[in-house]
Amino acid sequence: MRVALDVMGGDHAPAAPVEAALRAAADHGVDVVCVGAADLVAEHLRRAGGDLPVVDAPDVVGMDEDPVAALRAKPRASVRVACELVAAGEAAAVVSAGSTGATLTAALLALGRAPGVRRPVVAAAIPVEGGRTVVLADAGGSMDVHPDVVGGYAAMARAYAQVLGAPEPRVGLLNVGHEPGKGHAWAKEAFDVLSATSGFAGNIEPAAVLAGDVDVVVTDGFTGNIFLKTLEAAAVPGDGEADTVASLLGVNGEVLVAHGAASAGDIAAALRRAQQVAVAGLAQRISGQMSQAQERRDDG
Amino acid sequence: MAEQMTTDEVVALLTDRLATVLGIDGPVTADSRFDEDLHADSLDLVEVVESVEQELRTRGHTPNVDDDALLAAETVGDAAALIQAGLGR
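Cut-off values and rules
- Residues numbered from 1 in each chain as written.
- Chains lettered and ligands numbered in written order.
- Predicted model: local features only at pLDDT ≥ 70, side-chain atom pairs only at ≥ 80, totals over all residues.
- Helix = DSSP H or I, 4+ residues; strand = E, 2+ residues; numbered from the N terminus.
- Buried ≥ 20, exposed ≤ 12 C-beta atoms within 10 Å, placed from the backbone.
- Core = buried A, V, L, I, M, F, W, Y, C linked by C-beta atoms within 7 Å.
- Contact = placed C-beta atoms within 7 Å.
- Pairing = 2+ DSSP bridges.
- Axes fitted to C-alpha atoms, helices over the stretch in contact; angles between N-to-C directions.

Draft legend 1. Up close: the environment of T6 of chain B. Residues and elements named next belong to chain B. With respect to the helices, strands and loops of the structure, T6 is situated in the segment before α1 (7-22). Judged by the 10 C-beta atoms lying within 10 Å of it, T6 falls in the exposed class. Note: C-alpha distance between T6 and A80 (74 residues apart in sequence) is 9.3 Å.

Here's what the structure looks like:
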């Protein structure tokens, strides 16, 4: 299964992504196609003494650009071309370490949303106490969203948690206190929305998330990204391998988002993960569960 | 040459796709405000507009929308007027 790598995305692009592509191909047999400015990519491949397929995508969405406006102005941006390869069936998954918002936007425009999905969500699997995993949604995809999207976030993240091994995932809303009524207006409205969804266990504070009291923690992308980055910054070296790749749930294809500061090793690991989720059909499983939920709503 | 479209016809295309994308049961009209009434942000708007542009191309048009103005549009009618104006360029 071929993985399309946005080699123009990330703080260390294109050098780190190109090195990652060569490593993943050589060490793990990942079939990678590099998507980016062809001349530049060819030069980096030549310097590294490697040879991989390249698809030309001359434009880049910068980390400082508004993703939606930038992708309208740059239809040949690398991240969008990479997503279009999946839409055309020429690749099974996409990996980008570029702007998370741009990756979400490109994926939505190129691949479309899964049935019943109001807004796709970036989900990060966070290792917590007892060797368990908590799914954080949104980990940074949409900064300003209406609270009515959180029901969909919870449903997609629950499906992901089930794939990761939690049979009946419990969902918490990240908040400043566990009592109902806590938080700002957004959190209060999100609480009301989540109260009608399966598995909702109420508000949850960060310490309880890390204790593994829930399987899924839902929040907006702004708060979620700060939460994730705080965990990364506070991680003690030797605590275990940090997970630097998240999955975009709710689009019709496998899309993985690597950290902007990802090293070549991190991106190589993301490419390997992309191959695994493509084989496992994660997007298809999430889509199937969302379809079933939609049918239950329609019947009810 | 493609037949000229009215703003009302573009509104009809937009409202149909907005209802689908946003999963709205209630009416979407030219006066519907993206933010307050539909809870739609710029990503929702662009997804819908790209879908409408694709439909217009199949009808022989060459849509050319002013993106800055589009992203600042407050109502469905505002966006439809911008798309309709871009058809004449």
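Resuming the write-up.
Draft legend 2. Region of interest: the nonpolar core. All names here are of chain A. Formed by 131 residues in total, the largest nonpolar core has its most connected members in A123, V218 and L271. When residues in this core are grouped by element, the largest group, 9 residues, is from helix α6 (residues 150-163). Look past the residues within four positions of A123 in its chain and what remains in contact with it is V135, L136, A137, A139, A157, Y160, A246, S247 and L249.

Draft legend 3. Local environment of the environment of G89 of chain A. Structurally, the position occupied by G89 of chain A is in the loop between α4 (78-87) and β4 (93-96). Separated by 87 residues in the primary sequence, G89 of chain A and R2 of chain A place their C-alpha atoms 9.7 Å from one another.

Draft legend 4. Fine view of α4 of chain A. Counting buried residues along α4 of chain A, 9 of its 10 residues qualify, which places the element largely inside the surrounding structure. The complete set of buried residues in α4 of chain A reads S78, V79, R80, V81, A82, C83, E84, L85 and V86 of chain A.

Draft legend 5. Representation of the pairing of strand β10 (residues 245-249) of chain A within the structure. Residues and elements named next belong to chain A. Taken across its 5 residues, β10 has 5 buried, putting it largely inside the fold. What you see with β10 is no split at all: V245, S247 and L249 on one side and A246 and L248 on the other are buried throughout. Sheet topology places strand β5 (residues 121-127) next to β10; 3 bridges connect them, and they run antiparallel. Residue pairing in the sheet places V122 in a bridge with L248 of β10. When β10 meets strand β11 (residues 254-258), the two strands line up antiparallel, connected through 3 bridges. Along β11, the bridge assignment pairs V245 with A258. The hairpin turn running from β10 into β11, its antiparallel successor, is 4 residues long, and G250 in that turn takes a positive phi close to 105°.

Draft legend 6. Molecular detail of the sheet that holds strand β2 (residues 31-36) of chain A. All names here are of chain A. Spatially, the 11 strands line up as an open sheet ordered β3-β2-β1-β4-β11-β10-β5-β6-β9-β7-β8, and their pairing is mixed. Across the chains shown, the open sheet's two edge strands, defined by having one partner strand only, are β3 (54-56) and β8 (200-204). The sheet shows a mean angle of 25° between the axes of neighbouring strands, direction not considered. In this structure, strand β7 (residues 171-174) lies alongside strand β9 (residues 216-218), joined through 3 bridges in parallel fashion.

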